[in-house]
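If you want the building blocks of each chain, they are given just below.
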Amino acid sequence: MTKQILTEFIPLNYNNQLQEAIKHNNVVRFKAILQRANAKNQNGRVYPKEILMRESEKYLKEYIKERRALGELDHPENRTVVNLANVSHNIIESHWEGDDLIGTIEILNTPSGNIVKELMRNGIKIGVSSRGVGSVRELGENTVEVEDDFNLICFDIVSNPSTQGAFL
């Protein structure tokens, strides 16, 4: 099978505390579902929990703890690296709650981060979406499973997440 760029979308749910932080130019941080295991998403993909756990542990060790778990505003076309010119946020913490990978997202004061804040200030519904590389295998009609060669790249902020409940 051929490896491909795999992206998922989860809407982000933010609250009044976020709005207050935006108004007062404080650091904007909030918790969100980053990814969901063992559930078919809007793209018809299922991510086995053992694969997501492996990748999230690697991501925590190599990126989050090093304060370089950066993501972009929108997914780029077929790119496997994060472009610093488009960075909008940093993931500062992650943990599992059942089959949901939960993370704390910090919106940065970058041009793309400021766009995210403005979208949020205006009540625009946006989400978080994983970006990775790997292959998939058919499970049935309109359903594929991500294979063991999956490699998580980052979590981007997007307008249409594939993971249910991943809106900000």
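Summary of the structure given here.

### Looking at the nonpolar core
Then, in step 1: Within the largest apolar cluster, 29 residues are counted, with the highest numbers of intra-cluster contacts made by Tyr59, Ile91, Ile105 and Phe155.
Then, in step 2: A per-element tally of this core places strand β11 (residues 151–158) first, with 5 residues.

### Observations regarding the environment of Ile105
Then, in step 1: In this fold, Ile105 is placed in strand β7 (residues 100–107).
Then, in step 2: Looking at Ile105, the relative accessible area reads 0%, which means it is buried.

### Looking at the pattern of salt bridges
For side chains of opposite charge, pairing can occur when their charged atoms come near one another.
Then, in step 1: In the structure shown here, the tally under the stated rule is 14 salt bridges.
Then, in step 2: Its salt-bridge partner being Arg29, residue Glu106 comes within 2.6 Å of it at the nearest N-O pair. A residue pair is termed long-range when its members are at least 10 positions apart, and Glu106 in strand β7 and Arg29 in strand β3 (residues 28–36) qualify at 77 residues.
Then, in step 3: Glu72 serves as the salt-bridge partner of Arg131, at 3.1 Å between the closest nitrogen and oxygen. Note that Arg131 is positioned in strand β8 (residues 127–134) and Glu72 in strand β5 (residues 70–72), a separation of 59 residues in sequence.
Then, in step 4: Taking relative accessible area as the criterion, Arg131 reaches 1% and is therefore assigned buried.
Then, in step 5: By relative accessible area, Glu72 is classed as buried at 2%.

### Observations concerning the environment of Asn142
Then, in step 1: Looking at the secondary structure, you find Asn142 in the loop between β9 (136–140) and β10 (143–146).
Then, in step 2: As for Asn142 and Gly44, which are separated by 98 residues in sequence, their C-alpha atoms are 5.7 Å apart.
Then, in step 3: Sequence-distant contacts of Asn142, defined by excluding residues within four places in its chain, comprise Lys40 and Gly44.

### Description of the sheet that holds β7
Then, in step 1: Reading across from one edge, β3-β7-β6-β5 is the order of the 4 strands in this open sheet, with antiparallel pairing throughout. Pairing within the sheet leaves two strands with one partner each, and these edge strands are β3 and β5. Adjacent strand axes in the sheet meet at a mean angle of 40° when their direction is disregarded.
Then, in step 2: Both β5 and strand β6 (residues 87–97) contribute to a ladder of 3 bridges, which runs antiparallel. Of the residues in β6, the one forming a bridge with Glu72 is Val87.
Then, in step 3: Helix-sheet contacts for helix α2 (residues 49–64) involve β3, β5, β6 and β7, and the interaxial angle to β6 is about 130°.
Then, in step 4: The sheet contacts of helix α3 (residues 111–121) involve β3, β6 and β7, and relative to β6 the element is tilted by about 70°.

### Points about the pairing of β3
Then, in step 1: Of all 9 residues in β3, 7 are buried; the element is thus mostly enclosed.
Then, in step 2: Here β3 runs beside β7; their pairing, made up of 8 bridges, is antiparallel. In the sheet register, Ile33 faces β7, and the bridge partner there is Ile102.

### A look at the pairing of β8
Then, in step 1: When you tally the buried positions in β8, you get 8 out of 8 residues, the bulk of the element.
Then, in step 2: Of the two faces of β8, the one holding Gly127, Ser129, Arg131 and Val133 and the one holding Val128, Ser130, Gly132 and Gly134 are both buried throughout.
Then, in step 3: Here β8 runs beside β11; their pairing, made up of 6 bridges, is antiparallel. Bridging from a neighbouring strand, Val128 pairs with Ile157 of β11.

Parameters and conventions
Residues numbered from 1 in each chain as written. Predicted model: local features only at pLDDT ≥ 70, side-chain atom pairs only at ≥ 80, totals over all residues. Heavy atoms only, no water. Core = buried A, V, L, I, M, F, W, Y, C linked by side-chain atoms within 4.5 Å. Buried < 20%, exposed > 50% of the residue type's maximum accessible area, 1.4 Å probe, protein only. Helix = DSSP H or I, 4+ residues; strand = E, 2+ residues; numbered from the N terminus. Salt bridge = Lys/Arg side-chain N within 4 Å of Asp/Glu carboxyl O. Contact = heavy atoms within 4.5 Å. Pairing = 2+ DSSP bridges. Axes fitted to C-alpha atoms, helices over the stretch in contact; angles between N-to-C directions.

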